[in-house]
Amino acid sequence: RLVVWINCFFSSRGYNTDYYYEYTECDSVGSRWRVAIPRILGTCSALPTPTRGTDCSFSCAAGEFLEMSAQQCTTCAAGSYSLGSGVRFDQWDTIPAGFTSLATYMDPGPSGEESQACNSSSWTPQGVYLESSRDECTVSLVYAVHLEQQGSVSFSYQYPDNNIFFEFYVQNEQCQEMAQTDDQKWIKLTTNGEWDTHTVNLKSGTNILYWRTTGILVGGKMVKPVLLRNIQIEGVAYTSECFPCRPGWFSSSPGSSSCQPCPRNTSSHKGAASCTPCPDTQYSHEGWSQCKERPPCSEKDYFQIHTACDSEGKTQVMYRWVEPRICEENVTGAVALPPTGEREACPPCNPGYYNTDDSTCFPCPPGTHSDGTSVCEECPAGTEPVLGYEYKWWNVLPSNMKTSCFNVGNSKCDDMNGWEVAGDHIRSGAGGSDNDYLILNLHVPGFKLPTSLAGMTGTEFGRITFVFETICSADCELYFMMVKSTTVVESWEGSKERQSYTHIMTRNASVSYTWAFQRTNQVRRYISDVVILYSVSVTNVQDGVASACRACALLSQSSQRPGSCIPCPAGFYIDRDTNRCQECPPNTYLSGHHTYGEDACLPCGPGSKSNKEHSRCYSDCSFSQTEHNRTLTFDLSSLSPVASLTIGPSFTSKGTKYLHVFNVSLCGHQGKMAAVCTDNVTDIANKDMGSDSTQFVNSVDSFICQSTIIPADGRGFRMALASQSISLADTFLGEMATGSCQRGRSAVMTIRCNPEKTDRGKLTVPSACPAGTCDGCTFHFLWESGSACPRCTQDDYHQIEGACKGGVQETLSVWNEPKLCIKGISLTAKSSAPCEAIALWLKVGVGGGAFLAVLLVSLTCYFWKKNKRLEYKYSRLVMSANKECELPVADSCALAEGEEPEDDVVYSHKPSLLGKLRAIANKREGDSSESVQLKSSQSERWVWG
């Protein structure tokens, strides 16, 4: 059985045109045979007899190929190249034969079918490199190769965006993944515009290579693609041909292992041994296969610069052509280069520098300072220089700054200035093409805290602040990076108004700050799109210059060096009157860059306290609050351990499932930010990360942080992937915290008392904002817990007294409803006390009432009887009166002894008891009369008295 080799097209040199040679499969001892195979079956006969071939491990050196007829290594001709025992892919006008771009989407649809949204996703050839998909589909570039001996694969790549997961792994012919460490499988990030190389060793036999990317578009921002080029595989037993150089490249000498790009203004065809110069009216860039006509020059083909200050302190504006110059000046419609401008005064030196006689700026000597317009002066006693960089005048580029140009497609723009100085600002230059990265770099050797701050335990060693503006008509983007960690600190897209940005350094290390500006990802002409940098300042720079002096703490007069500056201990400020170190008041903290005066000690927020060093404020899980003349005491110690909240799942536009995971450190830990969110964790449940993977984990320490988790199920990954870890709260403000995105993110934690919940309770987000935030700036959380209830006091219960039974009365304590307290005091035990069936007050009341009733009845009877007698006497007097109504003189008003009344007295009405009493009273006064009707034997008449 014959082997169909991966390279099945051979040179016809030395071959019979009717047939070609091929090797059989290697046997168990590593031998094989060379056989002749007709190019068209049945068209020829008398083929050469099979002969023993070379050993299976045989290979030629680089620059040679195996000539099959003689089975000897032969040197490649000029215009071609060979890797000997390897193969290289560096031309990407199309995807080379043998490569396959496979788009997969593992999340099933509602009915279980696979999504069709990724059918158009693939790796895209871009000439000199291969570009990955920009969406969230999983796209694999696959290549299968059979190695007769152990070998390797290496490739160059750009991987600037961690919103794409980029992995490389190898499988065997049974689709079993080869053993790889995490650093071999997961590709490291690169700085924007820089290429890196990744190499993995391969075993003999069949190796299936996978380059796989998956975009994470959770935030809606377009991701930057992964770029591949120069894929080289070593370990192929032999190559039976030399590969011709691609158009625009050449190899001038025989036996080459690679080809070189043609210089600018030259071109070449495929397999060229040299490059052909372009005519004067045409041009070409490096690596072009043909020349193009030069267009007429326009305003976009030149730019202005400011010359360096001369000995007279003058500068002037000059104009230069954009290099490489591709336009034609001497044709119809072309513009000429403007003349040089008039001389004008140079701007002053930057703060910390002084001007010499020849108008050159030099840094002030150590211990002195200057504002840039005057000579350097020593700092007064009791002060020290404020070291740093402060650049706001841009006549020349500072010595610690460099500018360069970098092209993604490896087009040469290194000899251009990426940025140009312009007096009161520095701006991006023209570059070679619009997809160039225009780079400005500032090197900082390290940071050194001022003497007065050397004893502080805070995390701020310095800060960089710059003022910038972008003016764009296309999709430009500005990156601010720290090259030490190849990390993009911040980026801005499109036009941005003039604004300031500050980044705080929390580690003392040498670092290079980089500004990279790209007009567009496409190759177009947007020369007018610029970024303007007005000023840059860096504080606490080691070996920096001083623009001013600051007060420092002094030694006492009794010391050996009175008046010398000393560092204040942690948590101390410098007293304005004595310049001595004083400790901050309780529950205040020191700001990181200011210690002069007591106002440097900032008060902690409500419900918080400062740590021992006065470096930060935190909650110790307990606080008290007074309202309505009652003090509520809370104990949140049960909420001290870090709590996690998982929200989701949510889905992107293409159906990618993701989760939001929040970690919360509410209180305790002596102010340490114990909530940690990590990127690329293998298991969010137990965070089981081995030594090989920990170096690739980016972590965020905070009070509240958030990570976006892509679950392992459904996307073809064998691990859960975490990305976009951000801090939501790194400063404890107190019971309430507000802010806006212009000042960063903020988080509001509402703790609600719910005695029915456990001590740990339940952490939730508002139903109206399922992601925890509605505006992306302020995050809201609700934590219902029994621990959020205040401690119980005597005001939280009342006592109920029972009925008196058998001379005993019980008293029971009961919680007020609803009960909204925990722990604290306990209910008092049930108590009993002796009692009587009838109360004493009831006895006294009943006795007093009975006595009054008897007294009233007795008095009533007495007065009634007396009244009857008086009425009778009166009636007798009336009856005995004469006709003239004269009353006879009565000797006595009483009846004689034994005399009985003869007439009856009839009242005209029956008075009530009260009326009778009134009548008796009136008769006693003697000034009133009463009308009575008398019944006798005489005729009736009315008598009025």
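Please read all numbers here as calculations on a predicted model, not as lab measurements. (Residues numbered from 1 in each chain as written. Predicted model: local features only at pLDDT ≥ 70, side-chain atom pairs only at ≥ 80, totals over all residues. Heavy atoms only, no water.)

### Quick look at the overall build of the chain
- In terms of helices and strands, the chain carries four helices and 67 strands.
- Burial statistics for the chain: of 945 residues in total, 42% are counted as buried.
- Surface accessibility of the chain: about 50000 Å² in total, with carbon and sulfur atoms responsible for 51%. (Helix = DSSP H or I, 4+ residues; strand = E, 2+ residues; numbered from the N terminus. Buried < 20%, exposed > 50% of the residue type's maximum accessible area, 1.4 Å probe, protein only. Areas by Shrake-Rupley, 256 points an atom, 1.4 Å probe, with all protein chains shown as cover.)

### Thoughts on the state of the cysteines
- All told, the structure shown has 19 disulfides when counted by the stated rule.
- Sulfur-sulfur distance for the disulfide between Cys364 and Cys376 comes to 2.0 Å. When the S-S torsion is -75°, as for the bridge of Cys364 with Cys376, the disulfide is left-handed. On the criterion of sequence distance, the pair formed by Cys364 in the loop between strand 29 (361–363) and strand 30 (368–369) and Cys376 in the loop between strand 30 and strand 31 (377–378) is long-range, its members being 12 residues apart.
- For Cys364, a relative accessible area of 10% translates into the label buried. (Disulfide = S-S within 2.5 Å.)

### So, the UniProt feature "transmembrane region" (unreviewed entry) in the chain
- Feature annotation in UniProt assigns "transmembrane region" (unreviewed entry) to the following positions: residues 840–864.
- Note that residues 840–864 is 100% helix and 0% strand, and that its end C-alpha atoms are spaced 37 Å apart. (UniProt positions renumbered as here; feature names shortened; annotations may be inferred.)

### Comments concerning the sheet that holds strand 2 (residues 33–38)
- Strand order in the open sheet made by the three strands is 1-2-3, with antiparallel pairing throughout. Lying at the two open borders of the sheet, with one neighbouring strand each, are strand 1 (19–23) and strand 3 (51–52).
- Pairing of strand 1 with strand 2, which is carried by five bridges, proceeds in the antiparallel orientation. Looking across to strand 2, one finds that Tyr20 is bridged to Ile37. (Pairing = 2+ DSSP bridges.)

### Here's the deal with the pattern of salt bridges
- With the rule as written, the count across this model stands at 11 salt bridges.
- Residue Glu477 pairs with Lys224 through a salt bridge whose shortest N-O separation is 3.5 Å. Here the residue Glu477 occupies a position in strand 38 (residues 477–482), and Lys224 occupies one in the loop between strand 15 (205–215) and strand 16 (227–234), the gap between them amounting to 253 residues. There is no split in this pair, since Glu477 and Lys224 are both buried. (Salt bridge = Lys/Arg side-chain N within 4 Å of Asp/Glu carboxyl O.)

### What to know about the confidence of the model for the chain
- With 78% of its residues at a pLDDT of 70 or more, the chain shows a mean pLDDT of 78.
- For the stretch residues 734–740, pLDDT sits under 50, and the model shows 13 contacts to residues farther than four places along the chain or on other chains.
- Taken as a whole, residues 903–909 scores under 50 in pLDDT and shows 14 contacts with residues more than four places along the chain or in a different chain. (pLDDT = per-residue confidence, 0-100. Contact = heavy atoms within 4.5 Å.)

### What about unusual backbone geometry?
- Along the chain, Glu817 connects to Pro818 via a cis peptide bond; the corresponding omega equals -5°.
- Note that Pro818 resides in the loop between strand 64 (808–815) and strand 65 (831–834).
- Positive phi, normally seen in glycine, also occurs at Asn265, with a value near 60°.
- Assignment of secondary structure puts Asn265 in the loop between strand 19 (260–261) and strand 20 (266–267).
- If you check the backbone angles, Asn540 has positive phi at about 55° while not being a glycine.

### Examining helix 3 (residues 840–879)
- Compared with the 58 Å implied by 1.5 Å per residue over 40 residues, the 60 Å span of helix 3 between its first and last C-alpha is a close match.
- Taken residue by residue, helix 3 has Asn867, Glu871, Ser875 and Val878 as its buried positions. (Expected span 1.5 Å × (residues − 1).)

### So, the environment of Ser31
- Assignment of secondary structure puts Ser31 in the loop between strand 1 and strand 2.
- Assessed through its relative accessible area of 17%, Ser31 is described here as buried.
- Sequence-distant contacts of Ser31, that is, excluding residues within four places in its chain, are made with Glu25, Cys26, Arg52 and Cys56.

### Overview of the packing of aromatic side chains
- A complete count under the given rule lists 36 aromatic pairs for this structure.
- Taking the centre distance of 6.3 Å and the plane angle of 40° together, the rings of Phe99 and Trp211 count as tilted. Placement of the pair is Phe99 in strand 8 (residues 99–104) and Trp211 in strand 15, with a sequence separation of 112 residues. Just as Phe99 is buried, Trp211 falls in that class too.
- Geometrically, the ring pair formed by Phe466 and Tyr501 is tilted, given 5.6 Å between the ring centres and 50° between the ring planes. (Phe/Tyr/Trp six-rings, centres within 6.5 Å; stacked < 30°, edge-to-face > 60°.)

### Focus: the pairing of strand 5 (residues 72–75)
- In terms of strand pairing, strand 4 (residues 64–67) meets strand 5 through four bridges, oriented antiparallel. Paired with Phe65 across the two strands is Thr74, which belongs to strand 5.
- Hairpin connection between strand 4 and strand 5: a loop of four residues separates the two successive antiparallel strands, and Gln71 in this loop has a positive phi of roughly 50°.

### A short note on the pairing of strand 63 (residues 797–801)
- As judged from the five bridges shared by strand 63 and strand 64, these two strands associate in the antiparallel manner. Pairing of Gln799 across the sheet is with Ser813, part of strand 64.
- Taking the residues between adjacent antiparallel strands as the criterion, strand 63 and strand 64 are bridged by six residues, where Gly806 takes a positive phi near 60°.

### Considerations on a nonpolar patch on the surface
- Together, Phe851, Leu852, Leu855 and Leu859 give the surface a local cluster of nonpolar side chains, amounting to about 410 Å² of exposed area.
- In this structure, Leu859 sits in helix 3. (Patch = residues over 30% accessible without salt bridge, like charges linked within 9 Å, V, L, I, M, F, W, Y side chains within 5 Å.)

### Description of the environment of Ser121
- With respect to the secondary-structure elements, Ser121 resides in the loop between strand 8 and strand 9 (124–125).
- By relative accessible area, Ser121 is classed as buried at 6%.
- For the pair formed by Ser121 and Thr138, sequence separation is 17 residues and the distance between their alpha carbons is 8.5 Å.
- The residues touching Ser121, leaving out its near neighbours within four places in the chain, are Ala103, Ser133, Asp135, Cys137 and Val139.

### Points about the environment of Asp161
- Inspection of the secondary structure assignment puts Asp161 in the loop between strand 12 (151–158) and strand 13 (164–171).
- C-alpha separation for the pair Asp161 and Lys224, spaced 63 residues apart in sequence, amounts to 5.7 Å.

### Observations regarding the nonpolar core
- Trp211 and Ile233 are the most contacted members of the largest nonpolar core, which has 37 residues in total.
- When contributions to this core are tallied by element, the ones reaching two or more residues are strand 7 (86–89), strand 11 (138–147), strand 12, strand 13, strand 14 (196–202), strand 15 and strand 16.
- If you tally residues by element for this core, the top one is strand 11, at five residues.
- Core analysis: the second largest hydrophobic core is formed by 36 residues, Tyr391, Cys405, Cys476 and Leu533 among them. (Core = buried A, V, L, I, M, F, W, Y, C linked by side-chain atoms within 4.5 Å.)

### Thoughts on the sheet that holds strand 64
- Read from one edge to the other, the open sheet built from three strands follows the order 63-64-65, with strand pairing classed as antiparallel. Edge positions in the open sheet fall to strand 63 and strand 65, since each of these has one partner strand only. The average undirected angle you get between the axes of adjacent strands in this sheet is 25°.
- Relative to strand 65, strand 64 is paired through four bridges, and the arrangement is antiparallel. (Axes fitted to C-alpha atoms, helices over the stretch in contact; angles between N-to-C directions.)

### Comments concerning the side chain of Ser267
- Relative to the helices and strands, Ser267 is located in strand 20.
- A residue is classified by how much of its surface remains accessible, and Ser267, at 11% relative accessible area, is buried.
- Setting aside residues up to four positions removed in sequence, Ser267 forms contacts with Cys262, Cys275, Thr276, Trp288, Ser289, Gln290 and Cys291.

### Some details on the side chain of Ser156
- Positionally, Ser156 belongs in strand 12.
- Residue Ser156 is classed as buried on the basis of its relative accessible area of 11%.
- Ignoring any residue separated from it by four or fewer positions in sequence, one finds Ser156 in contact with Trp195, Asp196, Thr197, Leu227, Leu228, Arg229 and Asn230.

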